[in-house]
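Fold and contact review
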Amino acid sequence: MDRISLFAPASIANISCGFDVLGLCLDNVGDLMHLQKSDTPGFRITEIKGQNLPLQTEKNVAGVAALAFLNAYNKPVGFELQIDKRIKAGSGIGSSAASAAGVVVGINKLLGEPFTPLELIAFAMEGERLACGSAHADNVAPVIMGGFTLVRSTNPLDVIALNSPLELAATVIHPEIEVKTADARAVLHNKIPLKKAINQWANVGALVSGLYREDYDLISRSLVDEIVEPARAMLIPGFDQLKENAKNAGALGCGISGSGPSVFALSRGMTKANQVAESMAEVYNKIGVPYEVHVCPINPNGVQFLDSNNA
Ligand code: HSE
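Because the structure is predicted, anything quoted here is derived from the model rather than measured.

About the cut-offs
Residues numbered from 1 in each chain as written. Predicted model: local features only at pLDDT ≥ 70, side-chain atom pairs only at ≥ 80, totals over all residues. Heavy atoms only, no water. Core = buried A, V, L, I, M, F, W, Y, C linked by side-chain atoms within 4.5 Å. Buried < 20%, exposed > 50% of the residue type's maximum accessible area, 1.4 Å probe, protein only. Helix = DSSP H or I, 4+ residues; strand = E, 2+ residues; numbered from the N terminus. Pairing = 2+ DSSP bridges. Axes fitted to C-alpha atoms, helices over the stretch in contact; angles between N-to-C directions. Near = heavy atom within 4 Å. Polar contact = N/O pair within 3.5 Å; in protein donor to acceptor, adjacent residues only side chain to side chain. Areas by Shrake-Rupley, 256 points an atom, 1.4 Å probe, with all protein chains shown as cover. Nonpolar A, V, L, I, M, F, W, Y, C, P; charged D, E, K, R; others polar. Phe/Tyr/Trp six-rings, centres within 6.5 Å; stacked < 30°, edge-to-face > 60°.

**What about the nonpolar core?**
Core analysis: the largest hydrophobic core is formed by 73 residues, its most contacted members being Ile-15, Phe-43, Phe-69, Val-103 and Ile-107. The element contributing the most residues to this core is helix H2 (residues 95-110), with nine residues. Formed by 17 residues, the second largest nonpolar core is a distinct cluster that contains Ile-173, Ala-246, Val-283 and Val-289.

Structure follows, in structure tokens:
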């Protein structure tokens, strides 16, 4: 096999209580990537459609993730990449993660899968380091492993694939402004009152338990963020109203998607998730904020290889 096309999905990091540790993979929303082997060793990006991003390997998140892979592989192989970028940069649904994770999964496939998913996550994290200065794994892990993931540790890297209840569906609303992850991290407080930390880790444990027991009420009770959301909410237009509308429409929970400005809700079933989307959209229709909405199931597979018919 000399060439491959793939779908690199968007993702939701944090999932309210799990800042930098929890993430989930979205279905239907994502980038397309086309990767070919080349006779010239090294890695080159020859085209990026849809977004104005650097083609230069060292300045592009897919480029640095690919270089991390090729340095570890340590044999003279060459690749060229084209990206059809459909996730907007700075939208909060893992734009950089899709590029970084997609490229390393694709190269791995073309080379006969020399690396494990955990090793691929480590390469993709280099893309996140370039994007925001912090090599967090909570977006790249679900893009590579699918479903819900928990990053227990980044050093040494230890990532756990969690159960994804089949009926869970996600709603994501993206107000069309850009919030850079680095800026959204800069507003966070470095010290946390012990009581808030206790509540937060209780909710992370309970959410993981809720996912395994497929206990939607427990999932709902656990989708609470006492630490990061209060600091970041002011970056998002109409955040409190979005949350109230989502809850009133029957969402299990609602919070900031990754570092924002997208806001996500989780619901039981696609019908409910669509109703939640309508109620969240009402907020932006009323205050005149342009937006995009996505409603989709949780993607259990992560990056998906495409045949020539749907590439
Ligand atoms: N956990 C990261 C953050 C995700 O919230 O800053 C960024 O996409």
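**Here's the deal with the sheet that holds strand S9 (residues 263-268)**
Pairing is antiparallel across the open sheet formed by four strands, whose spatial order is S8-S9-S7-S10. The two strands at the open ends of the sheet, each matched to only one other strand, are strand S8 (253-256) and strand S10 (291-297). Strand-to-strand twist of the sheet, defined as the mean angle between neighbouring strand axes without regard to direction, takes the value 20°. Pairing of strand S7 (residues 168-175) with S10 involves seven bridges; the strand directions are antiparallel.

**A closer look at the pairing of S9**
Here S9 lies mainly inside the structure; five of its six residues are buried. With six bridges joining them, S7 and S9 adopt antiparallel strand pairing. In the sheet register, Leu-168 faces S9, and the bridge partner there is Arg-268. Where S8 and S9 come together, four bridges link them in antiparallel fashion. For Ile-256, the partnering residue across the bridge sits in S9 and is Val-263.

**A short note on the site of the ligand**
Residues in contact with the ligand, as listed here, are Ala-13, Asn-14, Phe-19, Asp-20, His-136, Asp-138, Asn-139, Thr-181, Arg-185, Arg-232, Gly-258 and Ser-259. Taking Asn-14, its side chain carries an N or O atom lying 2.8 Å from an oxygen atom of the ligand. Here an oxygen atom of the ligand sits 2.7 Å away from a polar atom, N or O, in the side chain of Arg-185. Here the ligand, which alone exposes 260 Å², has 96% of that area covered by the protein. Split into classes, the residues belonging to the shell around the ligand amount to two nonpolar, six polar and four charged.

**Re the packing of aromatic side chains**
Throughout the structure, instances matching the rule amount to six aromatic pairs. Pairing Phe-69 with Phe-123 gives two aromatic rings, centres 5.4 Å apart and planes at 55°, and the pair type is tilted. Linking Phe-69 in helix H1 (residues 61-73) with Phe-123 in helix H3 (residues 117-132), this pair joins segments that are 54 residues apart in sequence. A single burial state applies to Phe-69 and to Phe-123, both of which are buried. Measuring from centroid to centroid gives 6.1 Å for Tyr-284 and Tyr-291, while their planes differ by 40°, and the two rings are tilted.

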